Amino acid sequence: MRRREFLAAAIGCTVASGAAEYRFKLGLYLPELDLPFDQALDTANEIGAKYVWFNQLKGETPVSAMTDAEADRMAERVARRGLEICVLNAGNPFKEIHLADLELKTLADHPLFGAQFHDLTRSMQIARRLGIRAVGAFTFAWPGEYSAGKPTWPMRWMTRGGVMSAAEVEKWLKAFGLVAEQAERLGVDVALSMMPWNYTNTTGNFRRLVEKLGSRRMKVMWGPADNWNSGEWDVATAGFENVRPYLCGLHLKDLHVIDGLNLKFEYRPLGEGDVDYVTILRKVREHRLDVVLSVSTHFLPPSGSREEAMRINFENLRGLIRKAEAASIR
C-alpha cells in the first residue's frame, strides 16, 4: 500500500483514485428526532448531516396543504443552515392502504387512495418548484397487515419476502402507473420506501415490480435492515445488485432477528445488528454512487433520548465508513 493510502485508511478519509475522490453524502430522517422543525434542522446540522428527508414539519402545515409561499419558506429554512432536502414526503402515502381493499376497475376512485395520491402529487409539484430530486412514497400493505395481525407474515418469511398473486400485481402496477405518469409529467423521481409490511419489503420484490412497471422515475430508498427482517439474508450482495440501478438513497438503521418466523426482532445501534453495512458501504463507494446515506434510529439508548440515539448512529456510521474505505483500498 502506498504511504498516502495507508495514512488515509488510518484516519478514515477518502482517497482519490484517478478521477475525483469519492465522498459519502451524509443525511438523516428528520422525524426521528421528534423536534420542532427549526430545532431539528439545527440539530441535524450540528450532528454533521448535509441532507435531510422528512414527511412533516412538526406542528405546522402538512406538506400536502402547503401553499407555494409556505413551501418556499420551508426551503429557505433548510438552506439557511447549509442543508439540502434529498427526499420530500407528504405524510406517508400508501403506507397503510391494504392493496386487497382496492378493486382494479375502481382503484383510482377509492377515497383513501385518491386522497393520498393527491398528497403525493402535491409533493411532486413542490419538489419541482424547489428543485428537490425526489419525493417519497410507500407501496401498499400486505393483506390484513394493519387490521388482522399480519396473517401473511409466516408465508412472507419463508419465501424471502412473500408471493404476490397475479391480481395483486395487476393492481399494484395500475396504481403506480398513475404515480409514474405524474412523476414523468412533473420531472420528479419517486423514491419507494421499504418496510417488512409493504410489498417492496425485499430487493427482490422491489426489482420484480419496478421492472414490470418500466418507469425511469421509480427509484428506491434502500432499507437493508427491512430487507433482512423480511428474510433476505443476502441483502449486502445480491440485494445490492438488485437495487443498484434504482438507488436514490439508503435508509440506515440496524436490527437483530431473534426468531424470523414468529417476527421476533430488536432494533440496535447502527453496526451492532445483523446487517453487513461495511460490505454495503464498500460497494456503494466502489461504484461511486450518487446517493445519500439517510440515518434513522428506531432504537433508544438507556437515556430514552432520540437525539442521543441519532448521535450514536452517526458516530457508528463514521466508523463503518472508515472500515469500508480501508477495505476498498487494500
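Residues numbered from 1 in each chain as written. Predicted model: local features only at pLDDT ≥ 70, side-chain atom pairs only at ≥ 80, totals over all residues. Heavy atoms only, no water.

### Some thoughts on the environment of M155
Positionally, M155 belongs in helix 5 (residues 153-158). Through-space distance from the C-alpha of M155 to that of Q182 is 34 Å; in sequence the pair is 27 residues apart. (Helix = DSSP H or I, 4+ residues; strand = E, 2+ residues; numbered from the N terminus.)

### Observations concerning the pattern of salt bridges
All chains considered together, the criterion is met by 25 salt bridges. Here E145 ties to K150 by a salt bridge, and the two come within 3.0 Å at their closest N and O atoms. Judged by relative accessible area, K150 falls into the partly exposed class, the value being 22%. Close ionic contact of R156 with E145 constitutes a salt bridge, the shortest N to O distance being 2.7 Å. (Salt bridge = Lys/Arg side-chain N within 4 Å of Asp/Glu carboxyl O. Buried < 20%, exposed > 50% of the residue type's maximum accessible area, 1.4 Å probe, protein only.)

### Looking at the packing of aromatic side chains
Overall, the coordinates contain 15 aromatic pairs when judged by the stated rule. Ring geometry for F140 and F176: centres 5.8 Å apart, planes at 75 degrees, overall edge-to-face. Here the residue F140 occupies a position in the loop between strand 4 (134-137) and helix 5, and F176 occupies one in helix 6 (residues 166-186), the gap between them amounting to 36 residues. For F140, a relative accessible area of 0% corresponds to the buried category. Given a relative accessible area of 0%, F176 falls into the buried group. By way of ring pairs, the aromatic residues F94, F113, F117, F140, W172 and F176 are connected into one cluster. Taking NZ or CZ as reference, K95 lies 5.4 Å from the ring centre of F138, over its face. (Phe/Tyr/Trp six-rings, centres within 6.5 Å; stacked < 30°, edge-to-face > 60°. Lys NZ or Arg CZ within 6 Å of the ring centre and 35° of its normal.)

### Focus on the confidence of the model for the chain
Atom-level detail of predicted coordinates should not be read off regions where pLDDT is low. The predicted model of the chain averages 94 in pLDDT, with 94% of residues at 70 or higher. Within the model, the stretch residues 1-19 combines pLDDT values under 50 with 25 contacts to residues more than four positions away or in other chains. (pLDDT = per-residue confidence, 0-100. Contact = heavy atoms within 4.5 Å.)

### Digging into the pairing of strand 5 (residues 189-193)
For strand 5, the buried fraction is high: 5 of the 5 residues fall into the buried class. Residues D189, A191 and S193 of strand 5 are buried on one face, and the alternating residues V190 and L192, pointing to the opposite face, are buried as well. Of the strand pairs in this sheet, strand 4 and strand 5 are connected by 4 bridges, and their pairing is parallel. Its bridge partner lying in strand 5, V135 is registered against V190. After leaving strand 5, the chain enters helix 7 (residues 203-213) and then returns to the sheet as strand 6 (residues 218-222), a path that is right-handed. (Pairing = 2+ DSSP bridges. Right-handed = clockwise from strand over helix to strand, strands pointing away.)

### Description of the packing of helix 4 (residues 111-130) against helix 6
At a minimum axis distance of 10 Å, the contact between helix 4 and helix 6 shows a crossing angle of 20 degrees. The orientation of helix 4 relative to helix 6 falls into the category roughly parallel. Relative to helix 6, helix 4 is oriented so that their crossing is right-handed. Where helix 4 approaches helix 6, its residues F113, F117, L120, T121, M124, Q125 and R128 are matched on the opposing element by A175, L178, V179, Q182, A183, R185 and L186. Of the residues contributing to the contact of helix 4 with helix 6, the split by class is 9 nonpolar, 3 polar and 2 charged. (Axes fitted to C-alpha atoms, helices over the stretch in contact; angles between N-to-C directions. Parallel < 35°, antiparallel > 145°, perpendicular 65-115°, else oblique. Left-handed = near helix turned anticlockwise from the far one by under 90°. Nonpolar A, V, L, I, M, F, W, Y, C, P; charged D, E, K, R; others polar.)

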